[in-house]
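# Secondary and tertiary structure notes
Residue strings, one per chain:
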Amino acid sequence: MRLFSSFCKIQRRGFQSIAPNSEYLNDFMVKNLHEKKFLVIDNFLGKKESIRNILEDVKRLELIPGRIKGDQLENLSKIDGKIVETRGDRIYWLDSSKQGGIGIEFDELLHKIDGLRDELRKTVFLPVHSTEIQVACYSPGTFYKKHTDNGSRFVLKNGTAERILAVIYYLNLEYKREDGGCLRLYLPSNQDQLKEEGKERWIDIEPLGDRLLMFFSELEHEVLHTQSERWA
């Protein structure tokens with residue numbers, strides 16, 4: 001299944017999001033992902049009722065507290081020798097080989113994301129062959145400190161990263177800016193020079209409902225404090 005043959009460009013506070021007009025991959029999307037290392041697509045499903053149904057379905061899952069493993073965090077802060085809280089999300093892992101059973105609209109969403117993955121593999125030879133699926137909820141007052149998705153446990157024996165691309169789909173149709181919970185993505189451009197100057201370059205992505213965010217897994221990112229329940 002091909003995705004997003006034509007796009008409507010939308011400016012949203014410092015980055016360009018893309019609204020798909022049809023179901024075929026566009027060169028502009030590939031170029032944007034390659035050059036900026038991230039891509040924002042708004043109105044990914046385009047059906048609010050489907051998004052509400054997906055949210056109701058995932059709310060019935062038995063989520064558990066997320067855990068930090070390996071060296072995914074840039075640093076683990078310690079106070080009096082104790083590791084401080086680094087993340088407050090609750091998660092549910094799905095077996096990608098056993099899709100189905102959550103809801104029809106949820107399966108439709110996964111099918112569309114799989115189509116996007118397959119198209120990237122065929123058109124730009126991005127070596128993505130499998131998918132990890134995680135549902136995540138942030139309650140008010142929670143966050144996830146700066147980290148990458150490619151700690152040492154996700155590096156293969158030949159030194160290449162096991163995780164290549166992160167894809168996040170947001171379910172928060174009633175989101176307002178004051179709700180917080182943005183994903184802060186640290187951009188790679190001149191990153192070494194910026195660190196030497198004591199500066200960092202980032203962009204905050206609001207978790208708007210029906211928004212899909214893609215970025216390369218080696219990019220550092222964090223979830224800022226949320227003031228309301230946040231689902232992805």
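Since this is a predicted model, take the numbers as computed values, not measurements.

## Some details on the pattern of salt bridges
Applying the stated criterion to the full structure yields 13 salt bridges. Of the charged contacts in the structure, one is a salt bridge between Arg177 and Glu206, with a shortest N-O distance of 3.9 Å. Of the two residues, Arg177 sits in the loop between β10 (165-169) and β11 (183-186) while Glu206 sits in the loop between β12 (202-205) and β13 (212-216), which places them 29 residues apart along the sequence. Judged by relative accessible area, which is 10%, Glu206 ranks as buried. Ionic pairing is found between Arg184 and Asp204, a salt bridge with its closest N-O pair at 2.8 Å. With a gap of 20 residues between them, Arg184 in strand β11 and Asp204 in strand β12 connect regions that are remote in the sequence.

## Some thoughts on the sheet that holds strand β14 (residues 221-223)
Backbone-to-backbone hydrogen bonds pair the strands of a sheet. The strands run either parallel or antiparallel. In spatial order, the strands read β9-β14-β11-β12; together these four strands make up an open sheet with antiparallel pairing. Edge positions in the sheet fall to β9 (144-147) and β12, since each of these pairs with one other strand and no more. Between one strand axis and the next, the sheet turns through 15 degrees on average, direction left out of account. Inspection of the sheet shows β11 paired to β12 by four bridges, in the antiparallel sense. Looking at the pairing, Arg184 lines up with Asp204 of β12.

## Thoughts on the packing of aromatic side chains
Under the defined criterion, the tally for this structure stands at two aromatic pairs. Their ring planes at 55 degrees and their centres at 6.1 Å tell us that Phe44 and Tyr169 sit as a pair that is tilted. Placement of Phe44 in the loop between β3 (38-41) and α2 (48-58) and of Tyr169 in strand β10 is noted, with a sequence separation of 125 residues between them. Phe44 sits in the buried class, given a relative accessible area of 1%. Judged by centre distance (6.0 Å) and plane angle (65 degrees), the rings of Tyr186 and Trp202 are edge-to-face. Separated by 16 residues along the polypeptide, Tyr186 in strand β11 and Trp202 in strand β12 bring together distant segments of the chain. Note on Trp202: relative accessible area 39%, which makes it partly exposed. The lysine or arginine in question, Lys146, covers the ring of Tyr186, its NZ or CZ lying 4.2 Å from the ring centre.

## Remarks on the pairing of strand β7 (residues 90-94)
Each regular strand carries side chains that alternate between the two faces of the sheet. The pairing of strand β4 (residues 64-65) with β7 spans two bridges and is classified as antiparallel. Bridge pairing in β7 links Pro65 to Arg90. As defined by bridge partners, β7 adjoins strand β8 (residues 133-138) across five bridges and the pair is classed as antiparallel. When the bridges of β8 are listed, Tyr92 appears paired with Val135.

## Considerations on the environment of Gly101
Counting through the fold element by element, Gly101 comes out in the loop between β7 and α3 (104-124). You can call Gly101 exposed: its relative accessible area is 81%. Along the sequence, Gly101 and Asp57 sit 44 residues apart, while their C-alpha atoms lie 9.7 Å from each other.

The rules we used
- Residues numbered from 1 in each chain as written.
- Predicted model: local features only at pLDDT ≥ 70, side-chain atom pairs only at ≥ 80, totals over all residues.
- Heavy atoms only, no water.
- Salt bridge = Lys/Arg side-chain N within 4 Å of Asp/Glu carboxyl O.
- Helix = DSSP H or I, 4+ residues; strand = E, 2+ residues; numbered from the N terminus.
- Buried < 20%, exposed > 50% of the residue type's maximum accessible area, 1.4 Å probe, protein only.
- Pairing = 2+ DSSP bridges.
- Axes fitted to C-alpha atoms, helices over the stretch in contact; angles between N-to-C directions.
- Phe/Tyr/Trp six-rings, centres within 6.5 Å; stacked < 30°, edge-to-face > 60°.
- Lys NZ or Arg CZ within 6 Å of the ring centre and 35° of its normal.

By themselves, these are just geometric observations and shouldn't be taken as functional.
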